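The primary structure of each chain is shown beneath.
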Amino acid sequence: MTSLAVSDHQTETATPAKAIQPVWVRMVHWINAFAMLLMIMSGWQIYNASPLFGFTFSRSITLGGWLGGALLWHFAAMWLLMVNGLIYLALGFATGRFRKKLLPITPGGVIADTKAALTFKLSHDDLSKYNSVQKLLYTGIITVGVVIVLSGLSMWKPVQLHWLVSLFGGYDIARYVHFTCMALIVAFLVIHVALALLVPKSLRAMIIGR
Ligand code: HEM
């Protein structure tokens, strides 16, 4: 009996604790953050060549130097973003991560957790579970990520992918959709990075797993 208890204990201590963020999530997350940054900064330079609105982005925060250079950056980073995104989506569904970590999202849960977050009462003790606000934000940004790639593809190959252009209601609307998704991603990033800095152990888990 005693020896069984000892061997159980040994097995327990010999097995490393399960990572809060598995290695594949961490890898695709940081590759995605890098690719997004390249896409956003080169995208701003492309926008400057033919602005949709009455403003342009400062050259100091754009990438590529001019329209041609920015397009090269945008199309290069596009492959990284798309392949990495497809791996994340495939593994997210195949491993059941999306179902387990991002669902269910209920209006009641979102309202309660938003109230708790605004009054600094939201618990961050168990990092392995996302609260309803996180679930909503992550599911939302994944959807926005899919839409920005699809609208981008429709503008890249409007002849071959004419059905995709039609789905967006035309080339000009696809441009506005693409810009709106960029704005949503930038807004998400500001909140997301601020929250990661406010709860540094969540950032640590996204870097080293624990
Ligand atoms: C420097 C930039 C970034 C930092 C510091 C950062 C930090 C983090 C951290 C700490 C987590 C874990 C959240 C938690 O445990 O509460 C996380 C998860 C996540 N982040 Fe980021 N992030 C960054 C950029 C991005 C970008 C650009 C996107 C997408 C546009 C993104 C999308 C996500 C998603 C979807 C998750 C949930 C992943 C999952 O559980 O499958 N992040 N991020």
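Presented here is an overview of the structure given in this document. None of the values given here were measured: they were computed from a predicted structure. (Residues numbered from 1 in each chain as written. Predicted model: local features only at pLDDT ≥ 70, side-chain atom pairs only at ≥ 80, totals over all residues. Heavy atoms only, no water.)

Things to note about the coordination of the iron atom of the ligand
So, step 1. The protein atoms that coordinate the iron atom of the ligand are His29 (NE2) and His192 (NE2), at distances spanning 1.9 to 2.0 Å.
So, step 2. Coordination geometry of the iron atom of the ligand: the six donor atoms subtend angles of 81 to 179° at the metal centre, consistent with an arrangement described as octahedral. Of the two residues, His29 sits in helix 2 (residues 23–49) while His192 sits in helix 8 (residues 171–198), which places them 163 residues apart along the sequence. (Donors = N, O, S within 2.8 Å, 3.2 Å for Na, K, Ca; no water. Tetrahedral: all angles 85-135°; square planar, octahedral: opposite > 155°, others 65-115°. Helix = DSSP H or I, 4+ residues; strand = E, 2+ residues; numbered from the N terminus.)

Details of the packing of helix 5 (residues 107–118) against helix 6 (residues 132–156)
So, step 1. For the pair helix 5 and helix 6, the least separation of the axes is 7 Å and the interaxial angle reads 115°. Between helix 5 and helix 6, the interaxial angle falls into the category roughly perpendicular. Across the interface between the two elements, Gly109, Val110, Asp113 and Thr114 from helix 5 touch Ser132, Val133 and Leu136 from helix 6. (Axes fitted to C-alpha atoms, helices over the stretch in contact; angles between N-to-C directions. Parallel < 35°, antiparallel > 145°, perpendicular 65-115°, else oblique. Contact = heavy atoms within 4.5 Å.)

Looking at the site of the ligand
So, step 1. Not every one of the 20 residues close to the ligand is listed here, only the nearest: His29, Tyr88, Tyr130, Gln134 and His192.
So, step 2. At 2.7 Å from an oxygen atom of the ligand is found a side-chain nitrogen or oxygen belonging to Arg97.
So, step 3. Between the ligand and Tyr130, the relevant distance is 2.5 Å, taken from an oxygen atom to a side-chain nitrogen or oxygen of the residue.
So, step 4. Contributions of two or more residues to the shell around the ligand are made by helix 2, helix 6, helix 8 and helix 9 (200–208).
So, step 5. Residues belonging to the shell around the ligand are distributed by class as follows: 13 nonpolar, six polar and one charged. (Near = heavy atom within 4 Å. Polar contact = N/O pair within 3.5 Å; in protein donor to acceptor, adjacent residues only side chain to side chain. Nonpolar A, V, L, I, M, F, W, Y, C, P; charged D, E, K, R; others polar.)

Quick word on helix 8
Along an α-helix, a turn takes 3.6 residues, which lines up residues three or four apart on a common side.
So, step 1. In a regular helix each residue adds 1.5 Å, so 28 residues correspond to 40 Å; helix 8 covers 41 Å between its end C-alpha atoms and thus fits that length.
So, step 2. Those residues of helix 8 lying buried are Ala174, His178, Phe179, Cys181, Met182, Ile185, Phe188 and Ala196.
So, step 3. For helix 8, the secondary structure elements touched by its buried residues are helix 2, helix 3 (67–94), helix 6 and helix 9. (Expected span 1.5 Å × (residues − 1). Buried < 20%, exposed > 50% of the residue type's maximum accessible area, 1.4 Å probe, protein only.)

Observations concerning the environment of Val193
So, step 1. With respect to the secondary-structure elements, Val193 resides in helix 8.
So, step 2. Taking the relative accessible area as the measure of exposure, Val193 reaches 40% and is therefore partly exposed.
So, step 3. Distance in space between the C-alpha atoms of Val193 and Leu203 is 9.1 Å, their sequence separation being 10 residues.

Considerations on the packing of aromatic side chains
So, step 1. Taken as a whole, this structure holds 16 aromatic pairs when the rule is applied.
So, step 2. Seen in terms of ring centroids, Tyr47 and Phe179 are 5.3 Å apart; in terms of plane orientation they differ by 40°. Their pairing is tilted. You can see Tyr47 sitting in helix 2 and its partner Phe179 sitting in helix 8, a full 132 residues away along the chain. The same class applies to Tyr47 and to Phe179, which are both buried.
So, step 3. Measuring from centroid to centroid gives 6.1 Å for Phe53 and Phe55, while their planes differ by 5°, and the two rings are stacked.
So, step 4. Taking the relative accessible area as the measure of exposure, Phe53 reaches 36% and is therefore partly exposed. (Phe/Tyr/Trp six-rings, centres within 6.5 Å; stacked < 30°, edge-to-face > 60°.)

The values reported here are purely geometric and, on their own, carry no functional implication.
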